Structure formats: C-alpha cells, structure tokens
Amino acid sequence: MKKTCIFFAILVLAVFLSNCTNKSDEYIDPRGTDYAGSESCIDCHKTQYDMALQSSHFKATAPAILGNVLGDFDKKDHVFIYDKNTKLVMEQRNDSLYQVLYKNGKEVEAHRFEIVFGTKHAQTSVYWRENNTYELPVSYYSSIKGWATSPGFPADKPYFDRMVMKDCYSCHASNISSRNVGQKSTEKTFMSMDVEDIIDPKTIVYGIDCERCHGPAKAHVEFHVKNPDVKVANSITSYKSLNREQKLDACALCHAGNDGMKLKSRFDFKPGNSLSDFYRETRSITDTAKFDVHGNQFRLMSQSKCFINSEKMDCITCHNPHENASKNIASYSKICMSCHQGLKHTETTLKTMSGSLLATNCVECHMPKKSSGAIKFQLSNSKQLSNYILRTHKIGIYPANQK
Ligand code: HEC
Ligand code: HEC
Ligand code: HEC
Ligand code: HEC
Ligand code: HEC
Ligand code: HEC
Ligand code: HEC
C-alpha cells in the first residue's frame, strides 16, 4: 500500500514536472508571435548560427554579467581620478560589477553595470535607475586597453545623469519596448523628447540577431519543420531577390549615422523596406561633405568612385554579414583586384613600397585610418582629448602623409 502511494506520488510529480519543462521550453519572443528567436535557427543553419554567435552584431548589447564586461576590476588600472579628493573605482562585489564613487576616501554612490554596449573598439555600460538606463561615466577603450571618460563625459567631475534612451538600442539591440508617461504634449510621436519613457527590461532582445536582419521567421521555421523535404526557402525574404538599394538600406539602417531626421522607429524596418521611410539625411552626398568614420560607413562609401562607377558595390562585396570585418587586411586586396585587374601605379608610387607589399596593402593607402570627429575621450588625470580611430570607407587616393 505504502509503496503504491509513493509510486503514485512520484508519477504525479513526474507528470507535473514534465508539464513545467514543456511550458518553459516554449520560447516567447518579446517582439510577438511572428518571431521564432535565433536559437530556433540552429538545427537547419548551424554554419550561419555559429558564425553570427561570435560576431560583434550578436554582442552589440549584452547583459553585464562577468565575462561580458571588458577591463580591469579590483586590480591594476581600475581607478579613474577626477581630482585629489574624488575618484571612481571599478569594483567587483560578489557576482556584480560596479563603478563606485569615493569622496575623501568615503563611498558616496555605487552603480551596477547592467547592460554593455560594444566589444571591439570600445565598451560603454549602463545602469538602471527607476525605469530607465543611464550611461556610466567611464568606458573601456581597446586602443589604450583601459578606462577613460565615456564619449562626451567630463574628466574633472563625475556625471551619472545621461539617460540612454531607446535610440541607442534601436541600432544596438533587436528589441526594446518603452511606454510614454507624464508627457508634456498630448502628441505621442516617436521623436518628442519631452516625454519620459519607461523601459520594460523584459522586452529587451540583446544584440543584433537573425530576425533583426531577416525579419520575423516563425512561419519560415514552422513550414520547414513540417516539410523537411522542401529545400527551397519558404516565408522568408531572400536578400538575393532584393535590388542594390534595398540591400544597402538593410545595412545603412544602422550604418548611416544618426544626425538626420527620424521618421519611424528603426525597430519596424524589415529587409526590402526603404531607408528613406525611416530616416532622412539632411546633408547631400557631395564628395566634400564630411561624414564621420564612426557609424557612417554607408555615406563615406557612397562618396567613392568605386561605389559610384561600379554600380554594383555594396556592403556584402567585402563583408560576410554573419562575421566580423576581417582582421586580415590582405584578404581585402583580392576583392579590390577583382575590379581592378591591369592596375598600374605611377613610378613614384611604386618606389614607396615593394611590389608584393603594394599588392597586399591596398586598404592601408586607399582606406586609411582616420580620427572620429564625433567621439573623443579623456584618460584619468589628463586634460588632453584622445582620438577614436577607425578606417574610412571613402575609398580614394590620399596623400601619403595624411595616413
Ligand atoms: C527546419 C529547418 C529550418 C529552420 C529551423 C530554419 N530554416 Fe531557414 N531555411 C531552411 C531551408 C530548407 C532553406 C532553403 C535552403 C537554404 O537556403 O538553406 C532556408 C533558407 C533560409 C534563408 C535564405 C533565404 C534565401 O532564399 O536567400 C534565410 C535567410 C533563412 N533560412 C533564415 C532562417 C532563420 C532566421 C531561421 C531561424 C529563425 C531559420 N531560417 C530557421 C530551413 C530552415
Ligand atoms: C540593427 C542595426 C544594424 C544593422 C541592420 C546592421 N548593423 Fe552592422 N553593426 C551594428 C552595430 C551596433 C555594430 C557595432 C557592434 C559592436 O561592435 O558592438 C555593427 C558592426 C558591424 C561591423 C563590424 C564588426 C566587427 O567587429 O568587425 C560590420 C563589418 C558590419 N556591422 C556590417 C554590417 C552589414 C554588412 C550589414 C547589413 C547586412 C549590417 N552591418 C547591418 C549595427 C547594425
Ligand atoms: C547583420 C545582418 C544579418 C544577421 C545578424 C544575420 N544575417 Fe543571415 N544574411 C544576411 C545577409 C545580408 C544575407 C545575404 C548574403 C549574401 O547574399 O551573400 C544573409 C544570408 C543568410 C542565409 C542564406 C545563405 C547564406 O549564408 O548566404 C541564411 C541561411 C542566413 N542568412 C541565416 C541567418 C541566421 C540563421 C542568422 C542568425 C544566426 C543570420 N542569418 C543573421 C544578413 C544577416
Ligand atoms: C544609427 C545607429 C546607432 C546609434 C543610434 C548608436 N550607435 Fe553605437 N554604434 C553604431 C555602429 C554602426 C557602431 C560600430 C561601427 C562604428 O563605430 O562605426 C557603433 C559603435 C558603438 C560602440 C563601440 C563598439 C565597438 O565594439 O567598437 C559603442 C560603445 C556604442 N556604439 C554605444 C552607443 C550608445 C551608448 C549609443 C546611444 C547614445 C549609440 N551607440 C547609438 C551604431 C549606432
Ligand atoms: C565592384 C568593383 C570595385 C571594387 C570591389 C573596388 N573598386 Fe575601386 N573602383 C572601381 C571603379 C569602377 C572605379 C572608377 C574607375 C574610373 O572611373 O576610372 C574605382 C576607382 C578606384 C580608385 C580611384 C579613386 C579616385 O578617387 O580616383 C581607387 C584608388 C580604387 N578604386 C581603389 C580600390 C581599392 C583599394 C579597393 C579595395 C578596397 C577597390 N577599389 C575595390 C570599382 C571597384
Ligand atoms: C571595398 C571593401 C569594403 C566595402 C564595400 C565595405 N567595407 Fe566595411 N570594412 C572594410 C575594411 C577594409 C575594413 C577594416 C577592417 C580592419 O581594419 O580591421 C572594414 C571595416 C568595417 C567596420 C568595422 C569598423 C572598424 O574599424 O572596426 C564596419 C562597421 C564596416 N566595415 C561596415 C561596412 C558597411 C555598413 C558597409 C556598406 C555600407 C561596408 N562596410 C562596405 C572594407 C569594406
Ligand atoms: C603605398 C600606397 C599604395 C598602395 C599599397 C596601393 N596604392 Fe593604389 N594608389 C596609390 C597612389 C598614391 C595613387 C595615385 C598615384 C598613382 O596612380 O600611382 C594610387 C592610385 C590607384 C588607383 C587609380 C589609378 C588610376 O589609374 O586612376 C587605383 C584603382 C588603385 N590605386 C588601386 C589600388 C589597389 C587595388 C591596390 C592594392 C592591390 C593599391 N592601389 C595599393 C597608393 C597606393
């Protein structure tokens, strides 16, 4: 009798538990029921998935857990000094990371790293205050392998009040929902800045995931799970069917700067849409217009003769959308040469470099590194602004000394 009781108890428990796990297995995407989530792509697109998982796109935003945060904590260069009485210290407390402000040796405030932005050249982080995220005053920069002021932040006093709004997430994440509260105007436009947004952390989809670039894919997944013999893609936009402008717009959405006029939320963009319905650049693309090397690869590239005269160059000409930019600069030379066979440099140019070096270094001379005009930073105890350096996408002929 006792045995059967225990048996039934275990059975009931087992059924109960299996129900639970079934329920939690069912993925619910904050963007709605049209979305399947990146993990659902693994079974059929492992190659793309494995690549994309390691990419900067996937890590463009991430929870600030140990392992995702760059920089020194509790040792070496983990202190930023504002003045002789005021310092900011990067500290690990249990499993969390903090920027802690000390005045005259006493702790005044401490803010926890909650979300990180970026992994490659720089990483900036935000903390939650009430229902919003705020940028931490000190960021990590790869060029100096250390901490310095977050872009635009002062080096002589700490500042904790820069709200990081939905706009940043619209290029660095796949979703975030906010609600307007206490707006001063009755108009509920996307642009009105006097309204206060409340962000719901449960709605964040970190990083730039598969469906951010490919559009909602639940129907695609369901179709192919049901029809494993069908080898032709169903219910998904094919990039191959898009024209050049549509392909470019799918990248330019986030790679064409942010100074123009916003018409619609970037989150609503789907491949095939036209960027001009979402964002309008107010400056014209003359070759003298200055676009920043940070965040505006599209307009710089648009100014170069390769782009204009080839009538076919787009971002995919040189980049695999599932991978980072290649670290091997020589690999780009092959792509250059696919359009520039029979290239002849003048004697003067040939004298500056051996033929074999010249052949593998196209990018070094024709897409040189330039300082960003938009992003500068200051080191601890320094009045000087340091430059943020990226390669220009304006392919052209540059004087040798301007590199
Ligand atoms: C059950 C299998 C299956 C799953 C799961 C699946 N796909 Fe596919 N997908 C296919 C097949 C089959 C094709 C057509 C053959 C090919 O291109 O690999 C395809 C093609 C594609 C294409 C190329 C379309 C084209 O014609 O250029 C994209 C993009 C794509 N899938 C995205 C996704 C995304 C994003 C997910 C996850 C949300 C996903 N797929 C999940 C089976 C699947
Ligand atoms: C939703 C916004 C968004 C879209 C769409 C987008 N990107 Fe990006 N891309 C970013 C952000 C943000 C970064 C910086 C990520 C980081 O380093 O944290 C980035 C980084 C990159 C990098 C550098 C990665 C590295 O570490 O080397 C390349 C190359 C790139 N994007 C190409 C593309 C191409 C090509 C497309 C179109 C197929 C595209 N991007 C579409 C936002 C976007
Ligand atoms: C930054 C935008 C971006 C992201 C993120 C992205 N893709 Fe793609 N994907 C593209 C573009 C652009 C193409 C077209 C490439 C081409 O035509 O050469 C493509 C092509 C594909 C194809 C067709 C086969 C191929 O490799 O060309 C599949 C399948 C695919 N993507 C699946 C995925 C899956 C699965 C994920 C997530 C793990 C993903 N993509 C993430 C932009 C993206
Ligand atoms: C219009 C789209 C866009 C917006 C809006 C935007 N970013 Fe970016 N951001 C990018 C792109 C693209 C890159 C990477 C390439 C580059 O620097 O040109 C980038 C790079 C970064 C990096 C360096 C990442 C790395 O790995 O090198 C950080 C940090 C960053 N952004 C933070 C922010 C913050 C914080 C905001 C809001 C104040 C913001 N971004 C708004 C598109 C955007
Ligand atoms: C899709 C084809 C294509 C690719 C790829 C390409 N180019 Fe070009 N490039 C052109 C065309 C077309 C012109 C214009 C030639 C003309 O009008 O005489 C051009 C012009 C140039 C010029 C002269 C620019 C000027 O302002 O006078 C340079 C330099 C150049 N390319 C270098 C490169 C380098 C370096 C790469 C690789 C990073 C590259 N190109 C990749 C097609 C291409
Ligand atoms: C002619 C080849 C070419 C084309 C076309 C091209 N890129 Fe690049 N891209 C490069 C090279 C070269 C680098 C530098 C890699 C490095 O220095 O590690 C690069 C780097 C980048 C980076 C990383 C920035 C950095 O310094 O780490 C981003 C983001 C990027 N490209 C986006 C784009 C976008 C978006 C497009 C389309 C508008 C595009 N690229 C078109 C060659 C190209
Ligand atoms: C040492 C720097 C350097 C390197 C490396 C280099 N170039 Fe050039 N390139 C120049 C200069 C300077 C000019 C203008 C004077 C001349 O034509 O020699 C030029 C001119 C050009 C032109 C325009 C020629 C014309 O007739 O209008 C093209 C196209 C070009 N380069 C492509 C390339 C490609 C592709 C590579 C890589 C295989 C490359 N360059 C490597 C410095 C360089």
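Structure shown above.
It should be emphasised that the depicted structure is a prediction, and the values quoted were computed from it without experimental measurement.

Asks: An account of empty space enclosed by the protein is requested, with residue identities and associated values reported.
Replies: One simple way to see leftover space: roll a probe sized like a water molecule over the atoms. Summed over all chains, the structure comprises one cavity of 30 Å³ or more. In this structure, the largest cavity occupies an estimated 30 Å³ of space. Forming the boundary of the largest cavity are N132, M163, M165, K166, S178, D197 and I199. A per-class count over the lining of the largest cavity returns three nonpolar, two polar and two charged.

Asks: I'd like to hear about the sheet that holds strand β5 (residues 106-112), residue by residue, with values.
Replies: Strand order across the open sheet formed by four strands is β2-β3-β4-β5, with antiparallel pairing between neighbours. Of all the strands in the sheet, the pair left with one neighbour each is β2 (79-83) and β5. Across the sheet, the mean angle separating the axes of adjacent strands is 25 degrees when strand polarity is ignored. Relative to strand β4 (residues 96-103), strand β3 (residues 86-93) is paired through eight bridges, and the arrangement is antiparallel.

Asks: Describe the pairing of β2, naming the residues involved and giving the relevant values.
Replies: Of the strand pairs in this sheet, β2 and β3 are connected by four bridges, and their pairing is antiparallel. When the sheet's bridge partners are listed, F80 is paired in β3 with L88. Between β2 and the antiparallel strand that follows it, β3, lie two residues.

Asks: Can you explain the side chain of T61? Please cite residues and give values.
Replies: Here T61 shows up in strand β1 (residues 61-63). When neighbours within four sequence positions are excluded, T61 is seen to be in contact with I115, V116, F117, H172, A173, Y206 and G207.

Asks: Could you give an account of the coordination of the iron atom of ligand 4, with specific residues and numbers?
Replies: Coordination angles at a metal have ideal targets, namely 109.5 degrees for four tetrahedral donors and 90 or 180 degrees for six octahedral donors. The protein supplies the iron atom of ligand 4 with one donor atom, H172 (NE2), which lies at 2.1 Å. Positionally, H172 belongs in helix α3 (residues 166-172).

How each quantity is defined
- Residues numbered from 1 in each chain as written.
- Chains lettered and ligands numbered in written order.
- Predicted model: local features only at pLDDT ≥ 70, side-chain atom pairs only at ≥ 80, totals over all residues.
- Heavy atoms only, no water.
- 1 Å grid on protein atoms, 1.4 Å probe; cavity = no way out; pocket = protein on both sides within 12 Å on 5 of 7 lines; lining within 4 Å.
- Points joined across faces, edges and corners; volume = space filled by probe spheres on them.
- Nonpolar A, V, L, I, M, F, W, Y, C, P; charged D, E, K, R; others polar.
- Pairing = 2+ DSSP bridges.
- Helix = DSSP H or I, 4+ residues; strand = E, 2+ residues; numbered from the N terminus.
- Axes fitted to C-alpha atoms, helices over the stretch in contact; angles between N-to-C directions.
- Contact = heavy atoms within 4.5 Å.
- Donors = N, O, S within 2.8 Å, 3.2 Å for Na, K, Ca; no water.

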